[in-house]
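# Analysis of the macromolecular model
Each chain is listed here by its residues.
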Amino acid sequence: MSGASIQAEEKAQSGKQGAAELKTTIPVNMDYLIYLPENYDEKEKWPLMLFLHGAGERGDNLDLVTVHGPPKLIKNGKQFPFIVVSPQCPEEQLWQPVELTALLNDIEKKYKVDKDRIYVTGLSMGGFGTWSLAAYTPYRFAALVPICGGGEKFWVKKIKHVPIWVFHGAKDGAVPLERSQTLVDVLKKEKADVSFTIYPEAGHDSWTETYNNPEVYEWLLKQKRKPEKEVRAAEAKAEAERKAKREAAKKKK
């Protein structure tokens, strides 16, 4: 126990408030499917696509993960020019960014991953997970493809430098179109690199058409992570400009 912890315990007295400290390790147990390209051994590193399934595929049976998206296509014989990682979320739980980060860290250690070309995509609950994971580690990913998901407005301001292609069905009764539209509007206001495809007649299943579209994968392969230093420098410059404008506006009053 550290000196700070001992001191904190000594200060924890009835009727009073004192400082305390938690230091613990939380285990992460996650089953996942992994796909390696046919000629995996012929290259030093490969792009990686992380796929996050929806709420209906949660549990402890990995076959459920192959019901939709890239794992389904791979199961049916499709070849991808990516490493594809498709984890399974436990029953009654949601995607947790800290756990997905632990998974990616482990995958990077075990496989030939191009760290500048890591892409995240997901549908429904996985669409929400895509947004939240990117916001949790905003300088890690090269591109995002969230499908019929959503999230908080403040999340996306952290990832405005990341190319994002959003998909949603106009007649989605499970996750309303507005959940994606709101985030896209914020990104456009921030002058981000964002595209939004709305399927006019689609309901909640806006993922089948998306994952069957070869242009989605071609677009992903063109994206490369922007250097963190470069992004941070641009953010600092933009903030300095905003501050200068605020100060100038105050002087005019």
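Residues numbered from 1 in each chain as written. Predicted model: local features only at pLDDT ≥ 70, side-chain atom pairs only at ≥ 80, totals over all residues. Heavy atoms only, no water.

## Examining the overall build of the protein
When helices and strands are tallied, the protein shows nine helices and seven strands. By its C-alpha atoms, the protein is 65 × 55 × 45 Å across when sized along the principal axes. Put simply, the protein has 253 residues, and 43% of those count as buried. Contacts spanning at least 24 positions in sequence make up 72% of the contacts within the protein whose residues lie at least 6 apart. Taken as a whole, the protein presents about 14,400 Å² of accessible surface, with 50% of it coming from carbon and sulfur. Across the protein, 39 positive and 35 negative side-chain charges occur, with their mean positions spaced 10 Å apart. (Helix = DSSP H or I, 4+ residues; strand = E, 2+ residues; numbered from the N terminus. Buried < 20%, exposed > 50% of the residue type's maximum accessible area, 1.4 Å probe, protein only. Contact = heavy atoms within 4.5 Å. Areas by Shrake-Rupley, 256 points an atom, 1.4 Å probe, with all protein chains shown as cover. Lys, Arg positive; Asp, Glu negative; His and termini not counted. Charge placed at Lys NZ, Arg CZ, Asp CG, Glu CD.)

## A word on the pairing of strand β3 (residues 83–87)
Burial runs high along β3: five of the five residues are buried. On β3, burial covers both faces: Ile83, Val85 and Pro87 on one face and Val84 and Ser86 on the other are all buried. As judged from the four bridges shared by strand β1 (residues 32–35) and β3, these two strands associate in the antiparallel manner. Counted as the bridge partner of Leu33 is Ser86 from β3. Relative to β3, strand β2 (residues 46–52) is paired through three bridges, and the arrangement is parallel. In the sheet register, Leu50 faces β3, and the bridge partner there is Val85. Assessed by its sense of winding, the connection that carries the chain from β2 through helix α2 (residues 69–75) to β3 is right-handed. (Pairing = 2+ DSSP bridges. Right-handed = clockwise from strand over helix to strand, strands pointing away.)

## Quick word on the sheet that holds strand β7 (residues 194–199)
Sheet architecture is open: seven strands sit in the order β1-β3-β2-β4-β5-β6-β7, paired in mixed fashion. Both outer strands of the open sheet, β1 and β7, are each paired with one neighbouring strand and no more. The mean angle between the axes of side-by-side strands here comes to 15°, regardless of whether they run parallel or antiparallel. (Axes fitted to C-alpha atoms, helices over the stretch in contact; angles between N-to-C directions.)

## Brief notes about the environment of Tyr217
Summarising the element assignment, Tyr217 is placed in helix α8 (residues 214–222). Once the C-alpha coordinates of Tyr217 and Pro81 are considered, the two residues, 136 residues apart in sequence, prove to be 8.9 Å apart. Beyond its immediate chain neighbours, meaning those up to four positions away, Tyr217 contacts Met49, Pro70, Leu73, Lys78, Phe80, Phe82 and Tyr211.

## Considering helix α6 (residues 177–189)
Taking 1.5 Å of rise per residue, the 13 residues of α6 would be expected to cover 18 Å, and the 18 Å separating its terminal C-alpha atoms lies within 8% of that figure. Within the sequence span of α6, burial applies to Leu177, Ser180, Leu183, Val184, Val186 and Leu187. Taken together, the buried residues of α6 touch α4 (125–136), α5 (153–156), β6 (164–169) and β7. Where α6 ends, the next residue or the one after it, Lys191, has phi of about 60°, a positive value. (Expected span 1.5 Å × (residues − 1).)

## As for the nonpolar core
Leu48, Leu50, Trp131, Phe141, Leu144, Ile159 and Ile164 are the most contacted members of the largest nonpolar core, which totals 34 residues. Of all the secondary structure elements, the ones that give two or more residues to this core are β2, β3, α3 (97–110), β4 (113–123), α4, β6 and α6. If we ignore the near neighbours within four places in the chain, the residues touching Ile164 are Trp131, Leu144, Pro146, Ile159, Leu187, Asp193, Val194, Ser195 and Trp219. Judged by nonpolar contacts, the second largest core, of 24 residues, contains Val84, Ile147, Trp165 and Tyr211. (Core = buried A, V, L, I, M, F, W, Y, C linked by side-chain atoms within 4.5 Å.)

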